[in-house]
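# Notes for the structure review
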Amino acid sequence: MLDYMKMILMKVSFNKTLFEKELRKALNVIPTIEVPDFRTWCYQQFARLYRRVLKRVFGELSLGV
C-alpha cells in the first residue's frame, strides 16, 4: 500500500490541491508504523514544491487533529 500511495503522489504532484488531498488520503490508509518513513520520503521528494503543505498536513497528524 505504501508504494501505491507514493506512486499516486508522484502522479498528482503537478497540482497542489490534488497533492494535498491525496496526501491526506494516504495518511488515512498507511499503517501508523510506516508513517515516519513515509514522512521522510515525502520531504525528500516534495519539499521544494510543497513544504508548506507537508508541514500543515504532518503537523495536523502529530497534533491529532
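Everything quoted here is computed from the prediction, not taken from an experiment.

### Overview of the side chain of Glu-20
- Positionally, Glu-20 belongs in helix H2 (residues 16–29).
- Ignoring sequence-local partners within four residues, the contact set of Glu-20 consists of Val-53, Arg-56 and Val-57.

### A few points about a nonpolar patch on the surface
- Judged by side-chain polarity, Met-1, Tyr-4, Met-7 and Val-29 come together as a nonpolar surface patch covering roughly 410 Å² of accessible area.
- For Val-29, the location among the structural elements is in helix H2.
- A residue is classified by how much of its surface remains accessible, and Val-29, at 41% relative accessible area, is partly exposed.

### What about the pattern of salt bridges?
- Throughout the structure, instances matching the rule amount to four salt bridges.
- Lys-25 is the salt-bridge partner of Glu-22, the closest N and O atoms lying 3.2 Å from each other. Placement of the pair is Glu-22 and Lys-25 together in helix H2, with a separation of three residues, close to one helical turn.
- Judged by its relative accessible area of 40%, Lys-25 is partly exposed.
- The salt bridge involving Glu-60 is made with Arg-24; its shortest N-O contact spans 2.6 Å. Highlighted residues: Glu-60 in helix H3 (residues 35–63) and Arg-24 in helix H2, separated in sequence by 36 residues.
- According to the relative accessible area criterion, Arg-24 is partly exposed, its value standing at 30%.
- A single salt-bridge network, built from bridges that share partners, covers Glu-20, Arg-24, Arg-56 and Glu-60.

Each value, and the rule that gives it
- Per-chain numbering applies: the sequence of each chain, read as written, is numbered from 1 onward.
- Owing to the predicted nature of the model, reporting of local features is limited to residues with pLDDT of at least 70; listing and counting of side-chain atom pairs is limited to 80 or more, with chain, interface and lining totals taken over all residues.
- Note that the side-chain values use all heavy atoms of the structure and ignore hydrogens as well as water.
- Secondary structure elements follow DSSP: runs of H or I no shorter than four residues count as helices, runs of E no shorter than two count as strands, and numbering proceeds from the N terminus.
- By the convention used here, residues are in contact when the closest approach between their heavy atoms is within 4.5 Å.
- Residues enter a patch when their relative accessible area is above 30% and they make no salt bridge; the linking distance is 9 Å between like charges and 5 Å between nonpolar side chains (Val, Leu, Ile, Met, Phe, Trp, Tyr).
- Note that accessible areas follow from Shrake-Rupley with a 1.4 Å probe, and for residues the cover is restricted to the protein chains shown.
- We define a salt bridge as a side-chain nitrogen of Lys or Arg found within 4 Å of a carboxyl oxygen belonging to Asp or Glu.
- Between buried and exposed lies partly exposed: a residue is buried under 20% and exposed over 50% of the maximum accessible area for its type, with that area taken using a 1.4 Å probe on protein chains only.

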